[in-house]
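# Chain and residue survey
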Amino acid sequence: MRMLVLGGTVFLGHAVAAEAVRRGHDVYCAARGSSGALPDGAALIPVDREHGLGALAAERFDGVVDVARNYRWVRDALDALGTTAGHWSFVSTINVYADNETTGQSTDGRLLDPITDSEDVSTPESYGGIKVACEDAVRAALGDRAFVLRPGLISGPNDISDRFGYWPTRISRGGRVLVPDAPDQPTQHTDVRDLAEWIVTAAERGTTGTFDGSGPTTALGPLLEEIAELVAPPGTELVAVAPEALTEAAVQPWSGPKSLPLWLPESHHGLVSHDAAPALDAGLRIRPLAETVSATLATERELGLDRERRAGLNPAEEAELLAALDQRVW
Ligand SMILES: NC(=O)c1ccc[n+]([C@@H]2O[C@H](COP(=O)([O-])OP(=O)(O)OC[C@H]3O[C@@H](n4cnc5c(N)ncnc54)[C@H](OP(=O)(O)O)[C@@H]3O)[C@@H](O)[C@H]2O)c1
């Protein structure tokens, strides 16, 4: 197949391009080429989507994959390539849903209002609404050639958000590891390579429709314990701290600086407990956690375990919190 990835220089787009190359497809990535290198075997078509996709006007692809968060860019791509593309995958997000609290939702959940203002850039507040508008545009243009997937947290190597990787990294260093005292909290993640395989398989098989792209729901406590079994040196202790105390100490849930990734308040448990069955039935395969953890840790080690992270607690923050907060050992 002749496949085009709009993106392809980082994380998911890169993994999709790499998987498509591995399967023997002719792979092109349309990007500026400034965020990272393409996988070996993929060809760069230099484009800056701020200035349209003129470079692609005469091209035809059997499969197109778009990861954009910008409504205008998605419309431009559909205008340039939508009529002739054989299959179109659009990577949306689990953040398209209006209700973040109710657990066990599926794709029939109520969506946010679409945001179509082309000047609106993707911010945490506008991200979900923009993706709703992008999805609508893709389905309107491609009809029964559209495959729309809504991933939750993406795990695995080279994650530019630094979230899932915080836990294997931190736990592998041992000692007293601060964890949220929320062992029963639902959680979901999907390895970037599993999503990439699903996207390429969907293009090959002509899979279409709209799917949540999260792996099976598990609980946070057992997930962290399993990671500890895989990577913790002897003597490691998971020290659970009450969510109320974490909030009081300005520790952020989910992501960003001074955060505990994957931890979420009850108001957001719906985000991490979507029904995975339709995606699994439609071809999403979930690898064992051990593979995700070992590949993630390998990249973390390459990047340097001491580097400044985009998400998690740094050692000084963690030590200060452990000294100050009420504790309970799991
Ligand atoms: N990470 C998660 O946990 C998570 C969860 C749910 C959904 N998602 C969704 O998954 C997707 C992730 O995609 P991703 O990992 O490939 O990362 P991304 O950050 O969405 O990728 C951005 C890509 O777009 C390209 N790009 C940026 N500006 C450009 C421009 N002006 N012109 C042309 N290309 C441009 C970049 O290449 P250059 O900079 O080289 O041009 C890069 O390859 C996104 O759609 C995100 O919304 C992610």
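Summarised in this report is the structure supplied together with it. One numbering rule holds for all chains: residues counted from 1, following each sequence as written. In keeping with the model being predicted, local features are shown solely for residues with a pLDDT of at least 70 and side-chain atom pairs are shown and tallied solely at 80 or more, while totals for entire chains, interfaces and linings include all residues. Remark: hydrogens and water are excluded; side-chain values derive from all non-hydrogen atoms of the structure.

Here the distance between the centres and the angle between the planes together describe a pair of aromatic rings. Each Phe, Tyr or Trp ring, with Trp reduced to its six-membered ring, pairs with another whose centre is within 6.5 Å; inter-plane angles below 30 degrees give stacked pairs, above 60 give edge-to-face pairs, and intermediate values give tilted ones. Per the stated rule, a full pass over the model turns up five aromatic pairs. Considering the side-chain rings of Phe147 and Phe211, the 5.8 Å spacing of their centres and the 55° angle between planes classify their relative orientation as tilted. On the criterion of sequence distance, the pair formed by Phe147 in strand β6 (residues 146-150) and Phe211 in strand β11 (residues 209-212) is long-range, its members being 64 residues apart. To sort residues, take the accessible area from a 1.4 Å probe on protein chains only and compare it with the maximum for the residue type: under 20% means buried, over 50% means exposed, and anything in between is partly exposed. Residue class for Phe147 comes out buried when judged on its relative accessible area of 0%. For the pair Trp198 and Phe211, a centre-to-centre distance of 5.8 Å together with 70° between the ring planes defines the contact as edge-to-face. Pair noted here: Trp198 is in helix α5 (residues 192-205) and Phe211 is in strand β11, with a separation of 13 residues, a long-range link. Each member of the pair, Trp198 as well as Phe211, carries the same accessibility label: buried. Through a chain of ring-to-ring contacts, three or more aromatic side chains come together here, namely Phe147, Trp198 and Phe211. Helix and strand assignments come from DSSP, with helices taken as H or I runs of at least 4 residues and strands as E runs of at least 2, each series counted from the N terminus.

So, about helix α9 (residues 289-303). Expected span, for any helix, means 1.5 Å times one less than how many residues it has. The terminal C-alpha atoms of α9, which comprises 15 residues, lie 21 Å apart, in line with the 21 Å expected from a rise of 1.5 Å per residue. The inward-facing, buried residues of α9 contact β7 (154-155), α4 (166-172), β10 (190-191), α5 and α6 (220-231). Of the residues one or two after α9, Gly304 is the one with positive phi, at around 105°. It only takes one pair of heavy atoms within 4.5 Å for two residues to be counted as in contact.

So, about the side chain of Thr9. With respect to the helices and strands, the residue Thr9 is situated in the loop between β1 (2-6) and α1 (11-22). Assessed through its relative accessible area of 10%, Thr9 is described here as buried.

Attention now moves to the sheet that holds strand β5 (residues 87-91). Either a parallel or an antiparallel arrangement is found when strands of a sheet pair, and the pairing is made through backbone hydrogen bonds. The parallel open sheet is built from seven strands, whose spatial order is β3-β2-β1-β4-β5-β6-β11. Only two strands of the sheet have a single partner each, and these edge strands are β3 (43-46) and β11. Put simply, the sheet's adjacent strands are angled 20° from each other on average, direction ignored. Any two strands are treated as partners once DSSP identifies two or more bridges connecting them. Taken together, the five bridges between β1 and strand β2 (residues 26-31) define a ladder with parallel strand orientation. The residue bridging Val5 from the neighbouring strand is Cys29, located in β2. Each axis is a line fitted through C-alpha atoms, taken for helices only over the stretch in contact, and angles between the N-to-C directions span 0 to 180 degrees. The sheet strands contacting α5 are β1, β4 (63-66), β5, β6 and β11, and the helix crosses β6 at an angle near 165°.

By convention a nonpolar core is built from buried Ala, Val, Leu, Ile, Met, Phe, Trp, Tyr and Cys residues, the set being connected through side-chain atoms within 4.5 Å. Among the nonpolar cores identified, the biggest contains 41 residues, and Trp167, Ile171, Leu178, Ile227, Leu246, Val251 and Leu260 are the most heavily contacted of them. These domain boundaries are the output of an automatic or database domain assignment. Looking at which domains feed residues into this core, each of domain 1 (2-150) and domain 2 (166-187 + 217-268 + 288-329) supplies at least three. The contact partners of Leu260, leaving out residues within four places of it in the chain, are Tyr166, Trp167, Leu178, Val179, Pro180, Leu246, Val251, Gln252, Pro253, Trp254 and Leu313.

Our next topic: the pattern of salt bridges. For this analysis, a salt bridge means a side-chain nitrogen from Lys or Arg found within 4 Å of a carboxyl oxygen belonging to Asp or Glu. Going through the model one piece at a time under the given rule, you end up with 21 salt bridges. Asp62 is the partner of Arg60 in a salt bridge, and the nearest nitrogen-oxygen pair spans 2.8 Å. Its relative accessible area of 41% is what places Arg60 among the partly exposed residues. Here Arg75 ties to Asp79 by a salt bridge, and the two come within 3.9 Å at their closest N and O atoms. Of the two residues, Arg75 and Asp79 are both situated in helix α2 (residues 71-81); the distance of four residues between them amounts to about one turn of the helix. Taking the relative accessible area as the measure of exposure, Asp79 reaches 54% and is therefore exposed. Residues participating in the shared-partner salt-bridge network are Asp191, Arg193, Asp194, Glu197, Arg287 and Glu291.

A word on the layout of surface pockets. Empty space within the second largest pocket amounts to approximately 310 Å³. Arg307, Arg309, Leu313, Asn314 and Pro315 are, among the 18 residues lining the second largest pocket, the residues nearest its centre. Elements represented by at least two residues in the lining of the second largest pocket include exactly α4 and α10 (315-324). Ten residues, namely Ala, Val, Leu, Ile, Met, Phe, Trp, Tyr, Cys and Pro, are considered nonpolar, four, namely Asp, Glu, Lys and Arg, are considered charged, and the remaining ones, Gly among them, are considered polar. Residues belonging to the lining of the second largest pocket are distributed by class as follows: six nonpolar, three polar and nine charged. For each structure, a 1 Å grid was placed over the protein atoms alone; sets of points admitting a 1.4 Å probe that cannot get out are labelled cavities, open sets with protein on both sides within 12 Å along at least five of seven lines are labelled pockets, and lining residues have an atom within 4 Å of a point. Grid points are joined across faces, edges and corners, and a volume is the space filled by probe spheres set on the points.

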